[in-house]
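One letter stands for each residue in the lines below.
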Amino acid sequence: MTTAVASSPLGLASPARGLECRGCGARFPLAAQHACFECFGPLEVWYDAEAFAKVTRAQIEAGPKSIWRYAGLLPAGQDPAQRVTLDPGFTPLIKADALAAEIGLRAPLWVKDDSANPTHSFKDRVVSVALTAAKALGFRRYACASTGNLANSVAAHAARAGVPSIVFIPYDLEQGKVITTAVYGGDLVAIEGSYDDVNRLCSELVETDDFEDTAFVNVNLRPFYAEGSKTLGYEVAEQLGWRIPAQVVIPMASGELLTKVDKAFEELVASGLAVAPEGGWRVFGAQSQGCNPIATALHGGATEIVPVKPTGIAKSLNIGDPAAGIYALESVRRTNGWMDYVNDEEIRDGIRLLARTTGVFAETAGGVTTAVTAKLVASGKLDPQLETVIYNTGEGLKTIDAVAGRVGPTYHVKASLKAAREVGLVS
Ligand SMILES: *Cc1c(COP(=O)(O)O)cnc(C)c1O
Ligand SMILES: [Zn+2]
């Protein structure tokens, strides 16, 4: 079906045509709406397939070294002057031979290192897309409900744009996420409760008159926010020479990132931009034992998610009632992937394993992904003969407490040759 569109609220060049319910398929105009009026299901952006088909590799390759090289496949931001952005993206894809050898993978292994983004997590991608849409839709204040990294990113984007912000977090987050948010000067609200409580409050606030002009990137702007995650699929494929890897391992909080990487691969193949691997790609999800509702549903053969009360050190992934959980299950089942989870001790080991073998210091979420990857190889779920990409979504300096006390100086000596000799540094 094609629809002639006279003008789009997101700008004339936007390929987005509307919002579509992920539950019942009902369609709505492009607006700050996140739930279906018919069935309350979550909404997703739908695009003009003909516009997508016109995007070429050459166009993308000639674009900026940021997510905006994929503007033709995103809902907003086609006009550079109208973007609200720190220009995230185009982060390193690192060949991880030593890690592969250590965990028993015999095919190429890559780490997509998204800690290299401006506020050091993959959230800069989703925030740039959501806030660019928010600006086009006329919002005057930027907000979010966050497990930490999203708050960092929204506060920083708002500071760059000169727009007020108000971000909401659970009160017990890591200092490395609280301080790195507060420094940007917007309002920071610590809520006595879990992320799920914070999210519920934000869903109520957004309906009030006082918050009428406020864009909550992951509440009323959620359909646009989610699209930003697709760039983590596009980029990996482009960096591999327009090939989609056979296996990807992705950390899950709401499960949105996982579903959107899968969607990005589908779009690339549909528009002829990238080649699928023989036998298709397989998507794997990683959670922590303290918050594993999606993996538990998969292991139990369920199609519904039973919410949990999150615990444990992987706080950025601690969403007990994951909004995209059932869609993550669908992606993993459809692609013949799997999900698994690891405990706090294994997460700490995962952080050190990744650091020691690749030089990448990840936050706890990266420890989850690395440790789950090792577990999936050991259990035979991940095929050791197939090319694999694992996603490191955040920076170790923000969750330094996770490994503090476990690592430290190898030697502690006085500054003299004699002392160095005594501890065996020189003979
Ligand atoms: C938010 C976040 C995720 C997961 O995001 P979802 O899309 O909600 O699943 C993964 N890693 C880090 C570091 C995050 O901050
Ligand atoms: Zn619906």
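Residues numbered from 1 in each chain as written. Chains lettered and ligands numbered in written order. Predicted model: local features only at pLDDT ≥ 70, side-chain atom pairs only at ≥ 80, totals over all residues. Heavy atoms only, no water.

**Student:** Help me understand the side chain of Arg-141, please; the structure alone is not making it clear to me.
**Tutor:** With respect to the helices and strands, Arg-141 occurs in strand 6 (residues 141-145). Buried and unpaired, Arg-141 has no salt bridge, with Asp-213 as the nearest side chain of opposite charge at 4.4 Å. A distance of 3.4 Å separates a polar side-chain atom of Arg-141 from the backbone oxygen of Asp-210. A distance of 3.0 Å separates polar atoms of two side chains, one belonging to Arg-141 and the other to Thr-214. (Helix = DSSP H or I, 4+ residues; strand = E, 2+ residues; numbered from the N terminus. Buried < 20%, exposed > 50% of the residue type's maximum accessible area, 1.4 Å probe, protein only. Lys, Arg positive; Asp, Glu negative; His and termini not counted. Salt bridge = Lys/Arg side-chain N within 4 Å of Asp/Glu carboxyl O. Polar contact = N/O pair within 3.5 Å; in protein donor to acceptor, adjacent residues only side chain to side chain.)

**Student:** Is there a simple way to explain the UniProt feature "domain: Tryptophan synthase beta chain-like PALP" (unreviewed entry) in the protein chain in this structure?
**Tutor:** The feature "domain: Tryptophan synthase beta chain-like PALP" (unreviewed entry), as given by UniProt, occupies residues 85-394 in the numbering adopted here. With 42% helix and 15% strand, residues 85-394 has end C-alpha atoms that lie 18 Å from one another. (UniProt positions renumbered as here; feature names shortened; annotations may be inferred.)

**Student:** Where do I start with the coordination of the zinc ion (ligand 2) in this structure?
**Tutor:** Tetrahedral metal sites with four donors have an ideal angle of 109.5 degrees; octahedral sites with six donors have ideal angles of 90 or 180 degrees. Summarising the metal site, the zinc ion (ligand 2) is bound by the protein donors Cys-21 (SG), Cys-24 (SG), Cys-36 (SG) and Cys-39 (SG), whose distances to it range over 2.3 to 2.4 Å. In this structure, the zinc ion (ligand 2) is coordinated by four donor atoms arranged in tetrahedral fashion, with angles at the metal of 98 to 116°. Ordering the donors of the zinc ion (ligand 2) by residue number gives the pattern C-x2-C-x11-C-x2-C. Pair noted here: Cys-21 is in strand 1 (residues 16-21) and Cys-39 is in the loop between strand 2 (27-28) and strand 3 (43-47), with a separation of 18 residues, a long-range link. Using a relative accessible area of 35% as the deciding quantity, one classes Cys-39 as partly exposed. (Donors = N, O, S within 2.8 Å, 3.2 Å for Na, K, Ca; no water. Tetrahedral: all angles 85-135°; square planar, octahedral: opposite > 155°, others 65-115°.)

**Student:** Would you explain the layout of surface pockets in this entry?
**Tutor:** Rolled over the atoms, a probe with the dimensions of a water molecule shows which regions are left empty. Counted as a void, the largest pocket has a volume near 820 Å³. Lining the largest pocket are 45 residues; nearest its centre among them are Asn-199, Asn-218, Arg-222, Ser-254 and Ala-323. Put simply, the parts of the chain that give the lining of the largest pocket at least two residues each are helix 4 (123-136), helix 5 (149-161), helix 7 (195-205), helix 8 (222-228) and helix 10 (256-270). Ranked by the residues each element gives to the lining of the largest pocket, the list is headed by helix 7, at five residues. (1 Å grid on protein atoms, 1.4 Å probe; cavity = no way out; pocket = protein on both sides within 12 Å on 5 of 7 lines; lining within 4 Å. Points joined across faces, edges and corners; volume = space filled by probe spheres on them.)

**Student:** Could you clarify how one ought to interpret the site of ligand 1 in this entry?
**Tutor:** Within the structure, ligand 1 sits among 15 residues, and Lys-123, Asn-149, Ser-254, Leu-257 and Thr-393 are positioned closest to it. Separating an oxygen atom of ligand 1 from a backbone N or O atom of Gly-255 is a distance of 2.9 Å. Note that an oxygen atom of ligand 1 is positioned 2.9 Å from one of the backbone N or O atoms of Leu-257. For ligand 1, whose free accessible area comes to 380 Å², the fraction covered by protein is 98%. The cavity that encloses ligand 1 is the largest pocket. (Near = heavy atom within 4 Å. Areas by Shrake-Rupley, 256 points an atom, 1.4 Å probe, with all protein chains shown as cover. Sits in = over half its atoms within 2 Å of the grid points.)

**Student:** Could you clarify how one ought to interpret helix 12 (residues 325-334) in this entry?
**Tutor:** Owing to its 3.6 residues per turn, the α-helix aligns residues three or four sequence positions apart on the same side. Those residues of helix 12 that fall on the buried side of the exposure criterion are Gly-325, Tyr-327, Ala-328, Leu-329, Ser-331 and Val-332. Residues of helix 12 that are buried sit in contact with helix 10, strand 11 (282-288), helix 11 (293-299) and strand 12 (339-342). (Contact = heavy atoms within 4.5 Å.)

**Student:** When you look at the pattern of salt bridges in this model, what are you seeing that I'm missing?
**Tutor:** A side chain of one charge can pair with a side chain of the opposite charge when the charged atoms of the two come close. Scanning all chains against the criterion turns up 27 salt bridges. Close ionic contact of Glu-345 with Arg-348 constitutes a salt bridge, the shortest N to O distance being 3.2 Å. One end of the pair is Glu-345 and the other is Arg-348, both in helix 13 (residues 344-358) and three residues apart, which spans about a single turn. One network of salt bridges, in which partners are shared, links Arg-22, Glu-44, Arg-222, Glu-227, Lys-230, Glu-256, Lys-260, Lys-263 and Glu-267.

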